[in-house]
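# Coordinate analysis (summary)
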Amino acid sequence: MSARLAALVAELRDELVEIRRDIHAHPELGRTEVRTTKLVAERLRAAGLSPHLLPGSGLVCDIGPGPTVTGRKRIALRADLDALPVQETSGVPWASTVRGVTHACGHDVHTTAVLGAGLVLAQVADELRTGVRLVFQPAEEVQPGGALDVVAAGGLDGVAEIYAFHCDPKVDVGHVGTRIGPITSASDEVTVTIAGPGGHTSRPHLTGDVVFALGQVITQVPAILGRRLDPRSGVNLTWGAVQAGSAHNAIPATGTVKGTLRCLDVRAWEKASEVFHAAVEQVVAPFDVTVDVRHHRGVPPVENAEHATGILEAAARDVLGSGSVLLTEQSLGGEDFAWYLTKVPGAMARLGTRTPGGHTFDIHQGDLRVDERAVEVGALLLARTAVLAG
């Protein structure tokens, strides 16, 4: 089966590259991916499949026998469709035609690879022991993410396991990074607003010193979290913005600090909100100010199941070679694939997109370039993963 899958993917190689370039040239932001959804749906229909459009944008598409025939739930392969509000500077001929929007996170590769895997699996559908569901979700880059939309629309109904990959420009094309357990972090947004009567800087004892209280929150709360939550959970509170006042000699009446709270462990993440609120309130208590604490839950960590990770690794070694699998590092970035894993087991791998010996790019940057051989590699990896998981 591996050789046949490889041959079928190779036949689609040029078409898939052209599709990826088309998607790259016409990026769409989260929950506006109408053109991309239409492109994918039309190609699936041309292959004799029946994609089901999700509300707004995105789609799911079933391939092969259903649970009533096999007695087993389907294996899902997931792609994300959306681009980022970033200006492209890569200089490639197929660069974004939309000002200020580009596929700087590789979702064009994800989408094309899952499409390619689906087209190949459709050609061997009669031989599949378990059916497959393709999930093309909108809005991975925004919160709340599109994975929640898919789940709410029933996109995981009848699914046993789910698999995906994410482009990694630090890894050479033809290689795959895997890890059992947390591979990404929970990512939440936090905002602390402090208020007081305001006053003159010569008389701080007669008012609530908002700026001083903000300073204590900025420096002390991250340290408190490090003592109240298990240090093995990788808790990280980092501030990104602070606003308070505009004059040298006036204590302002309000001030705000905003940041992100990240965590590699689901159990610590579930406890973090309570600890964060309490820490802020305790830190500002002596300063005669009021405080409003906002903690916006983003995404939990992606926790790869051991069994599912093993299937991804076996698929990679099968179609890419014995030396193709690398141990990948944990990331403090967020990824809404995690929401699927709260419902069913699965795993996410990191797909190498760097040309061997070439420049190392970074995601979420306008100059990102990927080695387009990653499209074929990704399609073959996911097709083989679906077969093995079934």
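Predicted model, so just to flag it, every value in this text is computed and none were measured.

## Observations concerning helix α1 (residues 2-25)
Turn by turn, an α-helix covers 3.6 residues, leaving residues three or four places apart pointing in a common direction. Taking 1.5 Å as the rise per residue, α1 with 24 residues should run 34 Å; its terminal C-alpha atoms sit 32 Å apart, in good agreement. Roughly 55 degrees is the biggest bend found in α1, and it falls at Arg13. Among the structural elements, α2 (34-46), α4 (107-123), α8 (306-320) and α10 (373-389) are those in contact with the buried residues of α1.

## Thoughts on unusual backbone geometry
In this model, Gln143 is joined to Pro144 through a cis peptide bond whose omega is -5 degrees. Tracing the chain through its elements places Pro144 in the loop between β4 (132-137) and α5 (146-152). Non-glycine residue Arg31 carries a positive phi angle of around 65 degrees. With respect to the helices and strands, Arg31 occurs in the loop between α1 and α2. Residue classification places Arg31 among the partly exposed residues on the basis of a relative accessible area of 36%. The phi angle at Ala139 is positive, at roughly 60 degrees, despite the residue not being glycine.

## A short note on the packing of α8 against α10
As a packed pair, α8 and α10 sit with axes 8 Å apart at the nearest point and diverge in direction by 125 degrees. Comparing their axes, α10 and α8 come out oblique. Handedness of the crossing formed by α8 with α10: right-handed. Judged by residue contacts, Ile311, Leu312, Ala314, Ala315, Ala316, Asp318, Val319 and Leu320 of α8 engage Val377, Leu380, Leu381, Arg384, Thr385, Leu388 and Ala389 from α10. Considering only residue class, the contact of α8 with α10 consists of twelve nonpolar, one polar and two charged.

## Looking at the layout of surface pockets
Reported here for the largest pocket is a volume of approximately 650 Å³. Lining the largest pocket are 28 residues, with His166, Ser331, Gly333, Gly334 and Ile363 sitting closest to its centre. Taken together, the elements giving at least two residues each to the lining of the largest pocket come down to β5 (159-172) and β16 (346-354). If you tally residues by element for the lining of the largest pocket, the top one is β5, at five residues.

## Observations regarding empty space enclosed by the protein
Under the criterion given, the structure shown has one cavity of 30 Å³ or more. In this structure, the largest cavity encloses a volume near 30 Å³. What lines the largest cavity is Arg20, His24, His103, Gly106, Asp108, Leu368, Arg369 and Val370. Residues belonging to the lining of the largest cavity are distributed by class as follows: two nonpolar, three polar and three charged.

## Some thoughts on the environment of Ile162
Position of Ile162 among the secondary structure elements: in strand β5. We classify Ile162 as buried; its relative accessible area is 0%. Residues Ile162 and Val211 lie 49 residues apart in sequence; the distance between their C-alpha atoms is 48 Å. Leaving out residues up to four positions away in the same chain, Ile162 has contacts with Ala76, Arg78, Leu156, Phe337, Tyr340, Leu341, Val344, Pro345, Gly346 and Ala347.

## A closer look at the domain arrangement of the chain
Each domain of the chain was delimited in the assignment, giving domain 1 (1-184 + 300-389) and domain 2 (186-296). Between the C-alpha centres of domain 1 and domain 2 the distance comes to 38 Å. At the interface, twelve residues of domain 1 touch 13 residues of domain 2. Summing the contributions of domain 1 and of domain 2, the shared interface buries around 990 Å²; its carbon and sulfur component is 60%. The largest share of the area that domain 1 buries against domain 2 comes from Gln143, Pro301 and Leu332, three residues that together contribute 52% of it. Counting the contacts that link domain 1 with domain 2 gives one salt bridge. Note that Glu303 is salt-bridged to Arg267, the shortest N-O span being 3.6 Å. Applying the counting rule to domain 1 against domain 2 returns one residue pair in polar contact (both at pLDDT 80 or more). Broken down by class, the residue content of the side of domain 1 that touches domain 2 amounts to five nonpolar, six polar and one charged.

## Some words on the UniProt feature "domain: Peptidase M20 dimerisation" (unreviewed entry) in the chain
The sites that UniProt annotates as "domain: Peptidase M20 dimerisation" (unreviewed entry) are residues 189-283. Between the first and last C-alpha atoms of residues 189-283 the distance is 20 Å; the span itself is 39% helix and 32% strand.

## Focus: the sheet that holds strand β8 (residues 186-195)
Backbone hydrogen bonds hold the strands of a sheet together, and the pairing may be parallel or antiparallel. The strand order across the open sheet formed by four strands is β10-β12-β8-β13, and the pairing between neighbours is antiparallel. What marks the edges here is a single partner per strand, and that holds for β10 (236-244) and β13 (290-299). Here the average twist between neighbouring strands, direction ignored, is 15 degrees. Pairing of β10 with strand β12 (residues 254-263), which is carried by eight bridges, proceeds in the antiparallel orientation. Paired with Gln243 across the two strands is Thr256, which belongs to β12.

Calculation notes
- Residues numbered from 1 in each chain as written.
- Predicted model: local features only at pLDDT ≥ 70, side-chain atom pairs only at ≥ 80, totals over all residues.
- Heavy atoms only, no water.
- Helix = DSSP H or I, 4+ residues; strand = E, 2+ residues; numbered from the N terminus.
- Expected span 1.5 Å × (residues − 1).
- Bend = angle between axes of the 7 residues up to and from the residue.
- Contact = heavy atoms within 4.5 Å.
- Buried < 20%, exposed > 50% of the residue type's maximum accessible area, 1.4 Å probe, protein only.
- Axes fitted to C-alpha atoms, helices over the stretch in contact; angles between N-to-C directions.
- Parallel < 35°, antiparallel > 145°, perpendicular 65-115°, else oblique.
- Left-handed = near helix turned anticlockwise from the far one by under 90°.
- Nonpolar A, V, L, I, M, F, W, Y, C, P; charged D, E, K, R; others polar.
- 1 Å grid on protein atoms, 1.4 Å probe; cavity = no way out; pocket = protein on both sides within 12 Å on 5 of 7 lines; lining within 4 Å.
- Points joined across faces, edges and corners; volume = space filled by probe spheres on them.
- Domains from an automatic or database assignment.
- Buried area = accessible area lost by both parts, 1.4 Å probe.
- Salt bridge = Lys/Arg side-chain N within 4 Å of Asp/Glu carboxyl O.
- Polar contact = N/O pair within 3.5 Å; in protein donor to acceptor, adjacent residues only side chain to side chain.
- UniProt positions renumbered as here; feature names shortened; annotations may be inferred.
- Pairing = 2+ DSSP bridges.

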